[in-house]
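So the chains spell out like this:
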Amino acid sequence: MQNFDYQTPTRLIFGEGVIAKLPEVMSQFGKKVLLTYGAGSIKKIGLYDKVKELLKDYDIYELSDIQPNPKYDPSVLDGVKICKENDIDVILAVGGGSVLDCSKAIATGAKYDGDPWDLISYKAVATESIPIVDIITLAATGSEYDQGGVISRTETNDKIGYMDNLNYPKVSFLDPTYTFTVSKKQTAAGCADAMNHIMEQYFCEDSTLLNDGFMEAGLKSLMINTKKCLENPEDYTARAEMMLACTYGCNGIYSLGSSYTGWPCHGIEHALSAYYDITHGEGLAIITPRWMKHILSDKTVKRFVKYGVNVFGIDANQDKFDIANQAIDATYKFFESIGIPMHLKDVGIDDSRIKEMAHHIAINEGLENAWAPLNEDDLVKILMESL
Ligand code: NZQ
Ligand code: ZN
């Protein structure tokens, strides 16, 4: 087992109606609040009005229209400007992972004198940030319990996942009823994203029985409960378990003591959504089985066998490569069964920029150091297979 040094400082407040604690929670941070949100889903579900009512004694400034795959310009820059001009005490992010990620970049950017992109691109290290509280409305990214934020810069086709301990939210409110209105498309994409977060930690050289058990249970829980959520969007128990499985997925808890993996599918997907602005979870679902096939080898097969037997119940008394291939097919079929388009062409991507994207990934994502190393040619092959 590898050494580690780990702390998650985020307070999770979970369950139906927990928003009643919002005024008490916010009171510890100050009166001037920047409320951040997306295109309007929080207004449709009544959450915007509820927040305004609960925080009627606070000074609320607003940043709206944060897009999926949140953009540096205008959203991050606009948010930083509001914070600096108004001396904001706390950011309240209400929405999906994109709203929260954007808020994380704003929180550190607002306490930095230079260009906030310096922090996102690791040219400078943040020393201070504005505290973040969030009310997450979409089960997917786990941003509510992690130190990552993913920001896109359109003009350079960059989509950077940047990590900083200052990014941990102080408090995350998780009320599964707010996810009842999430569309089938976003529910399925959220499942694929969270499953891939687990797989990015599962497929490695050195894991533990403990971690494997957690992760296998996480994958099974996501598959079973996502299907229930798709059948009945207001199934509280299924939405609740899906939400928690997503929350756990990305904060590193599953891979404490495990060896480095490189998170290759995310490295590849970030280029797809940077170049084509596609839905992150859909891009991951398309890439994952093709990546699996591409890296299957004498070195990697043992992990696919364990995954196939323990997650999909494949008969262990078969040739190891047969089991691995069945596991990869089962992965593909599961994503297909929840309605995810399983080809790049289905999400508007053709072969015209594959070489350019492969080059971009090879330069920026460090995947030559992944558990199963990927060079530019490997990346072209995986992307071509995904068409
Ligand atoms: O903009 P609004 O109107 O709010 O609508 C959103 C958006 O259109 C809608 N939505 C959210 N909650 C809803 C709802 N619709 C109905 N009812 C609700 N309760 O869903 C759409 C997608 O929202 P978005 O926030 O983009 O989705 P998600 O949470 O999947 O976030 C995706 C982003 O997170 C990044 C991705 O790359 C992508 O940019 N990631 C962040 C990670 C992290 N911070 O740790 C890890 C992940 O790997 C991921 O990369
Ligand atoms: Zn992800």
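Everything here concerns the structure above.
Residues numbered from 1 in each chain as written. Chains lettered and ligands numbered in written order. Predicted model: local features only at pLDDT ≥ 70, side-chain atom pairs only at ≥ 80, totals over all residues. Heavy atoms only, no water.

Chemist: Before we move on, could you go through the overall build of the protein and cite the residues and values that matter?
Modeler: Check the secondary structure of the protein and you find 15 helices and eight strands. Expressed along its principal axes, the backbone C-alpha trace of the protein runs to roughly 65 × 45 × 45 Å. Burial analysis of the protein (387 residues in total) assigns 58% to the buried set. Summarising the internal contacts of the protein: among those between residues at least 6 apart in sequence, 78% fall at separations of at least 24. Here the protein displays about 15900 Å² of accessible surface, and carbon together with sulfur accounts for 50% of that area. Taken together, the 36 basic and 55 acidic charged side chains of the protein have centroids lying 3 Å from each other. (Helix = DSSP H or I, 4+ residues; strand = E, 2+ residues; numbered from the N terminus. Buried < 20%, exposed > 50% of the residue type's maximum accessible area, 1.4 Å probe, protein only. Contact = heavy atoms within 4.5 Å. Areas by Shrake-Rupley, 256 points an atom, 1.4 Å probe, with all protein chains shown as cover. Lys, Arg positive; Asp, Glu negative; His and termini not counted. Charge placed at Lys NZ, Arg CZ, Asp CG, Glu CD.)

Chemist: So what's going on with the site of ligand 1? Residues and values would help.
Modeler: Residues in contact with ligand 1 amount to 30 residues; listed here are only the nearest, S41, G97, S98, D146 and H197. The contact in question runs from an oxygen atom of ligand 1 to an N or O atom on the backbone of G97, over 2.7 Å. Protein chains shield 88% of the accessible area of ligand 1, which is 960 Å² for the free molecule. For the shell around ligand 1, the secondary structure elements donating two or more residues are α5 (97-109), β6 (148-153), α7 (184-202) and α10 (264-276). Taken together, the residues that form the shell around ligand 1 break down as nine nonpolar, 17 polar and four charged. No fewer than three residues from each of domain 1 (11-178) and domain 2 (183-385) sit in the shell around ligand 1. (Near = heavy atom within 4 Å. Polar contact = N/O pair within 3.5 Å; in protein donor to acceptor, adjacent residues only side chain to side chain. Nonpolar A, V, L, I, M, F, W, Y, C, P; charged D, E, K, R; others polar. Domains from an automatic or database assignment.)

Chemist: So what about the coordination of the zinc ion (ligand 2)? Which residues, and what values?
Modeler: Octahedral six-donor coordination of a metal ideally yields angles of 90 or 180 degrees, compared with 109.5 degrees for tetrahedral four-donor coordination. Distances from the zinc ion (ligand 2) to its protein donors, namely D193 (OD), H197 (NE2), H266 (NE2) and H280 (NE2), fall within the range 1.9 to 2.2 Å. Between consecutive donor residues of the zinc ion (ligand 2), the sequence gaps follow D-x3-H-x68-H-x13-H. Within this pair, D193 and its partner H197 are both found in helix α7, separated by four residues, close to a single helical turn. Accessibility expressed as a relative area gives 3% for D193, which makes it buried. (Donors = N, O, S within 2.8 Å, 3.2 Å for Na, K, Ca; no water.)

Chemist: Can you lay out helix α3 (residues 47-54) for me, pointing to particular residues and giving the numbers?
Modeler: Among the residues of α3, those classed as buried are L47, Y48 and V51. Angular distribution of buried residues about the axis of α3 spans 105°; they occupy a single face of the element. (Arc of directions from axis to C-beta.)

Chemist: Now, about the packing of helix α11 (residues 280-295) against helix α15 (residues 376-386): what can you tell me, with residues and values included?
Modeler: The geometry of α11 relative to α15 is characterised by a closest axis approach of 9 Å and an angle of 125° between their N-to-C directions. The orientation of α11 with respect to α15, classified from their angle, is oblique. In this structure, α11 crosses over α15, and the sense of that crossing is right-handed. Side by side, α11 and α15 meet where I286, I287, R290, W291 and H294 of the first sit next to D378, K381, I382, L383, E385 and S386 of the second. Taken together, the residues of the contact of α11 with α15 break down into five nonpolar, two polar and four charged. (Axes fitted to C-alpha atoms, helices over the stretch in contact; angles between N-to-C directions. Parallel < 35°, antiparallel > 145°, perpendicular 65-115°, else oblique. Left-handed = near helix turned anticlockwise from the far one by under 90°.)

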